[in-house]
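# Structure at a glance
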Amino acid sequence: MTWADSIVMAVRSIRRRFGRTVLTVAAVALAAALLTSLLIAVGAARSRVFAAVSKGGPLTGIQVSPATPDFGQLDSDSAKLGDPRPIDEAARRRITALRGVKSVVALVSSSVFVIAPPPPELADPGREVRQVEPFRGTLTGVNLRRVGELPVTVLAGELPVPESLHEVAVTDAYLRAVGLRSTDANAVIGTEVEFGAPRLFVRGEDGTVRGRWTRSTIVAVVAAQGASGEFIGSLEQVQAARAWTAASDVVDGREARRFAEELAVTSKYSGLFVVTEGFASVGPVRAAITKIGFSSSAPESLIASVRRYSQVVEIVLTAIGLIALGIAALGIANAMLAAVRERRREIGVLKAIGARDRDVRRVFLVEAGLLGVAGGLVGTVFGYGLARLVGLAVNNYLSGQGLTGVRIGLPLLIFAAGIVGSGVLALVAGTLPAQRAARLPARQAMGDG
């Protein structure tokens, strides 16, 4: 008996027992759907949390401050700052050359006075609009061509054009300053804010502070972990503000120096965001930065804990799916045993005309494999659809919280494993019934008929 004959006989048996076939395939499909949807959901959540491990970002990022490290700071995710120590170009190059450093993004901040208008979408046309009180904020400048290396997530709008002097992105701190929530992010897009870079003018014994006022349009709302403050703009925009502040008048040097230190313009860079080659490089790179003499911070302990808990969740969910597959395997075994009892005469006829034990065994194994593959295919497709529906619900919730969503992809490995794995499981479950059918003597089978 050839393989083709075995397949034809298995298909005929499946067609003759259509009701039982449907129930068996449905059991395998439900188990495969459960396991597939769980694996896809877990994989999507893991990639959302740990995507920055391979690309750089909050997990592999280290924030370097213009200060010396405090005692024991390597044991803390949020290190305390020691004495001020400016970050200059030489320090940046030295940190960039460290082993395990993938890239270094410079951050330049300037303290500014802010006049913010009320968001037009929230203003009531029938009432007098209450102006937002002016406040003091921080404008952080970055090379907008390299903003992808920072842990900056766009919640609304689009990032400013590189080198723009009149476009800014705002953070959640700005929304709170003007009395809004993260869900109101779209309301501030397109509004204009006025920035006043302060400068100290000394006349005789008295000193006055005047601002260099400019206007900028808010083009994006972002969640930024690498940059502090309410605003993110281009380096050119912030450097112009810092230059104005740094040019404050000097009498005996003390007043201007205190003024400059308060506004953080004594250091060339307000901070550095160091992207390492991987999570394992964070500790050694932080130790090297400490030896150079700068304070740093990184969420090492937090991420290590998240990774451990995520692995526990993966194990539990995978175990649930495997239990479901085990139940489906028992269903296949039961169906195949029933088929052996019903087809004793057929088995006897096959052996009477010369079929060997392995030929009979092959027929039943092919039938079990076809049931498993069919159930795995249906279940994997259904599981992917289920994962997509869950993803839509999760993304709606995250968007309502002002957070970025989770992307549900189609992992080809999981898709293939769901189909092949179900087939292999069915073969294992059908081994005992097939062996029993193969060992059935022809005379006994014909006599029972």
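Residues numbered from 1 in each chain as written. Predicted model: local features only at pLDDT ≥ 70, side-chain atom pairs only at ≥ 80, totals over all residues. Heavy atoms only, no water.

### Section: the overall build of the chain
Secondary structure summary: the chain contains 13 helices and 12 strands in total. Contacts in the chain between residues far apart in sequence, at least 24 positions, make up 80% of those at least 6 positions apart. Per element, the accessible surface of the chain, about 23400 Å² overall, is 59% carbon and sulfur. (Helix = DSSP H or I, 4+ residues; strand = E, 2+ residues; numbered from the N terminus. Contact = heavy atoms within 4.5 Å. Areas by Shrake-Rupley, 256 points an atom, 1.4 Å probe, with all protein chains shown as cover.)

### Topic: helix α1 (residues 3-16)
Between its first and last C-alpha atoms α1 spans 20 Å; for 14 residues at 1.5 Å apiece the expected length is 20 Å, and the two agree. Ser6, Met9, Ala10, Ser13 and Ile14 are the residues of α1 that are buried. Buried residues in α1, looked at end-on, bunch into an arc of 140 degrees, giving them a common side. Residues of α1 that are exposed and point more than 90 degrees away from the buried face comprise Arg12 and Arg15. (Expected span 1.5 Å × (residues − 1). Buried < 20%, exposed > 50% of the residue type's maximum accessible area, 1.4 Å probe, protein only. Arc of directions from axis to C-beta.)

### Some thoughts on the packing of aromatic side chains
On inspection of all chains with the given rule, the structure shows 3 aromatic pairs. With a centroid separation of 6.5 Å and an interplanar angle of 50 degrees, the aromatic rings of Phe135 and Tyr174 are classed as tilted. Here Phe135 is found in strand β5 (residues 135-142), whereas its partner Tyr174 is found in helix α5 (residues 172-177), with 39 residues between them in sequence. Three or more aromatic residues joined by ring pairs form one cluster here, namely Phe135, Tyr174, Phe195 and Phe231. (Phe/Tyr/Trp six-rings, centres within 6.5 Å; stacked < 30°, edge-to-face > 60°.)

### A word on the pairing of strand β1 (residues 61-65)
Direction of pairing for β1 relative to strand β11 (residues 271-276): antiparallel, over a ladder of 4 bridges. Note on β11: the bridge partner recorded for Gln63 is Phe273. Pairing of β1 with strand β12 (residues 295-297), which is carried by 3 bridges, proceeds in the antiparallel orientation. Residue pairing in the sheet places Val64 in a bridge with Ser296 of β12. (Pairing = 2+ DSSP bridges.)

### Thoughts on empty space enclosed by the protein
Regions of empty space are outlined by a rolling probe, equal in size to a water molecule, passed over the atoms. Within this structure, the stated rule accounts for 2 cavities of 30 Å³ or more. Empty space within the largest cavity amounts to approximately 60 Å³. Forming the walls of the largest cavity are Arg17, Arg20, Thr21, Thr24, Ala335, Met336, Ala339, Glu367 and Leu371. Among the secondary structure elements, those contributing two or more residues to the lining of the largest cavity are α2 (18-50), α9 (300-342) and α11 (357-400). Tallied by class, residues from the lining of the largest cavity come to 4 nonpolar, 2 polar and 3 charged. (1 Å grid on protein atoms, 1.4 Å probe; cavity = no way out; pocket = protein on both sides within 12 Å on 5 of 7 lines; lining within 4 Å. Points joined across faces, edges and corners; volume = space filled by probe spheres on them. Nonpolar A, V, L, I, M, F, W, Y, C, P; charged D, E, K, R; others polar.)

### Some remarks on the pattern of salt bridges
Across all of its chains, the model carries 8 salt bridges by this definition. Among the ionic pairs, Glu89 bridges to Arg93, the shortest N-O distance being 3.9 Å. Of the two residues, Glu89 and Arg93 both sit in helix α4 (residues 89-96), 4 residues apart, roughly one turn of that helix. Of the residues examined, Glu89 reaches a relative accessible area of 22% and is grouped as partly exposed. Across the pair Arg215 and Glu194 runs a salt bridge, and its minimum N-O distance is 3.9 Å. (Salt bridge = Lys/Arg side-chain N within 4 Å of Asp/Glu carboxyl O.)

### Some remarks on the confidence of the model for the chain
For the chain, per-residue confidence averages 77 on the pLDDT scale, and 77% of positions sit at 70 or higher. The spread of mean pLDDT over the elements of the chain runs between helix α3 (residues 52-55), the lowest at 44, and strand β7 (residues 167-170), the highest at 93. (pLDDT = per-residue confidence, 0-100.)

### A look at the nonpolar core
In terms of nonpolar packing, the biggest core is built from 42 residues, with Val64, Ile95, Tyr174, Phe231, Val274 and Ile289 touching the most fellow members. Those residues in contact with Ile95 that sit more than four places away from it in its chain are Val64, Val101, Val104, Leu272, Val274, Ile289, Ile292 and Phe294. Of all hydrophobic cores here, the second largest spans 24 residues; its members include Val25, Ala426, Ala429 and Ala434. (Core = buried A, V, L, I, M, F, W, Y, C linked by side-chain atoms within 4.5 Å.)

### Points about helix α8 (residues 282-292)
The complete set of buried residues in α8 reads Val282, Val285, Arg286, Ile289 and Ile292. Buried residues along α8 cover an arc of 110 degrees about the axis, so they all sit on one side. Exposed residues on α8 whose side chains face more than 90 degrees from its buried face are Pro284 and Lys291. Just downstream of α8, Gly293 is the residue with a positive phi angle, here 120 degrees.

### Description of a nonpolar patch on the surface
A cluster of nonpolar residues, Leu34, Val312, Val316 and Ile320, forms a patch on the protein surface that exposes about 300 Å² of accessible area. Top element by residues in the nonpolar patch is α9. It accounts for 3 residues. Relative to the elements of secondary structure, Val316 occurs in helix α9. Taking the relative accessible area as the measure of exposure, Val316 reaches 44% and is therefore partly exposed. (Patch = residues over 30% accessible without salt bridge, like charges linked within 9 Å, V, L, I, M, F, W, Y side chains within 5 Å.)

### Some remarks on the environment of Val132
With respect to the secondary-structure elements, Val132 resides in the loop between β4 (101-115) and β5. Residue Val132 is classed as buried on the basis of its relative accessible area, which comes to 15%. Each C-alpha atom, one on Val132 and one on Ala177, is 8.6 Å from the other, the two residues being 45 residues apart in sequence. Beyond its immediate chain neighbours, meaning those up to four positions away, Val132 contacts Ala116, Pro117, Pro118, Ala177 and Val178.

### Examining the environment of Phe231
Locating Phe231 in the fold gives a position in strand β10 (residues 231-234). As a C-alpha pair, Phe231 and Thr138 span 93 residues in sequence and 6.4 Å in three-dimensional space. If sequence neighbours within four positions are ignored, Phe231 has contacts with Val114, Phe135, Thr138, Leu139, Thr140, Val168, Ala169, Val170, Tyr174, Val193 and Phe195.

### Examining the environment of Gly190
With respect to the secondary-structure elements, Gly190 resides in the loop between α5 and β8 (192-203). Overall, the relative accessible area of 52% leaves Gly190 in the exposed class. As for Gly190 and Val219, which are separated by 29 residues in sequence, their C-alpha atoms are 5.9 Å apart. Ignoring any residue separated from it by four or fewer positions in sequence, one finds Gly190 in contact with Thr217 and Ile218.

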